[in-house]
Each structure stands twice: as C-alpha cells, then as structure tokens.
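Notes for the structure review
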Amino acid sequence: MTVQRENIEGLQLVHTGLVCRDIDAAKARLSEALNVCWVGVEREDWSLIIFGKPVNIPLRIAHASNGQANFELIEAVPDTPWVTTEDLIQHHMCFHSSDSEAVCRQFEARGYQRVLGAPGDPQGYFQDPAGLLIEIIGDGLLDYLQGYYQQSLVVRDAEEAAI
C-alpha cells in the first residue's frame, strides 16, 4: 500500500543561508564570486527559542542579492544551530508562505524537528531526518528581509556606477 501525502503548497524560495567562521573573510570571498554587496553586519543580541529553550545569543548576520538569488550569511556561534568547522558552508534554505503558520504545522505533523522557534510559532527552522534545515517565514519577516536585499542591490549598483 502506498501512502499519499499532501504536498506543502505555495512555498517561495527567499534565500540560501550560509554559515561561516569569519564573516568578514567570507563576505570578501563571496562578494567577488557572486557579484554582491553585503549589508547589515553589526553584532546583535537575538532572543530566540532553540530546541525548545529560550536563549539570548549574539549574531552577526549579513544579507546580499545579485538580483537573481538572495543570500544570508551568519557567523558561527558555538552551541547553536549556526556552527561549522569549515570556513563556509551552505546551511539552510529559507521559504516564504503567506500562510506560514499552517506550513509550520504541516512540517511539525510530518515529524520534522523544530530547531528554531516554539511549537505553534508562524516561522522557524525545521530539520528533516537526513539533516536538511528548512526555514519557514511569513509576510512580516519577508518584508524585513526584502529590505536588506534591496539595499544590497542599491549599494552594488552604486559601486558599479562609480567604476
């Protein structure tokens, strides 16, 4: 007997998440390779729920776009989902849904482990049994991220015009 599962509909890829050991070195390397300019790199304290426990951690996160793809670069923090022993790794894929709360419930119902966020939250990281991390976001966080990607394109275009 074959079990038919309902597909999760309406997901739009927002960005590819990368984790690095040194954000400044990774930015320099990727700026040239991907033709991007990074924005938003200051260290900020984030209050999060990781593996069901509230934590406050300092994160350095940068965002960039080349007009065809968006990227999120996170500097590694020990004992969090953002760790690596490599200089740079692909970490997660981020998807948007206008009904992110329902999509998060679908991932939870399918047995994906919630890594970031509390049960019932309308966004978060989910890990499949093979280790793939999928981030789900709603409209508010999409608007926030799109602002960074637009800034990245403006900065890149200004730098190219100055050459």
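This section reports on the structure supplied with the text. (Residues numbered from 1 in each chain as written. Predicted model: local features only at pLDDT ≥ 70, side-chain atom pairs only at ≥ 80, totals over all residues. Heavy atoms only, no water.)

1. Focus: the side chain of His 15
Topologically, His 15 is positioned in strand β1 (residues 12–20). Discounting chain neighbours no more than four positions away, the residues touching His 15 are Asn 70, Phe 71, Glu 72, His 92, Met 93, Cys 94, Glu 135, Leu 145 and Tyr 149. (Helix = DSSP H or I, 4+ residues; strand = E, 2+ residues; numbered from the N terminus. Contact = heavy atoms within 4.5 Å.)

2. Focus on the pairing of strand β4 (residues 70–75)
Among the 6 residues in β4, 6 count as buried, and that is most of the element. Both strand β3 (residues 53–65) and β4 contribute to a ladder of 5 bridges, which runs antiparallel. Within the sheet, the bridge partner assigned to His 63 lies in β4 and is Glu 72. A loop of 4 residues connects β3 with β4, the two strands running antiparallel in sequence, and Gly 67 in this loop sits at a positive phi of about 95°. (Buried < 20%, exposed > 50% of the residue type's maximum accessible area, 1.4 Å probe, protein only. Pairing = 2+ DSSP bridges.)

3. Remarks on the packing of aromatic side chains
Inspection of every chain in the model, using the stated rule, returns 4 aromatic pairs. Judged by centre distance (5.5 Å) and plane angle (20°), the ring pair of Phe 107 and Phe 126 falls under stacked. With Phe 107 in helix α2 (residues 100–109) and Phe 126 in strand β7 (residues 124–127), this pair connects stretches of sequence that are 19 residues apart. Site record: aromatic cluster; members linked through ring pairs are Phe 107, Tyr 112 and Phe 126. (Phe/Tyr/Trp six-rings, centres within 6.5 Å; stacked < 30°, edge-to-face > 60°.)

Keep in mind these values describe shape, not function.
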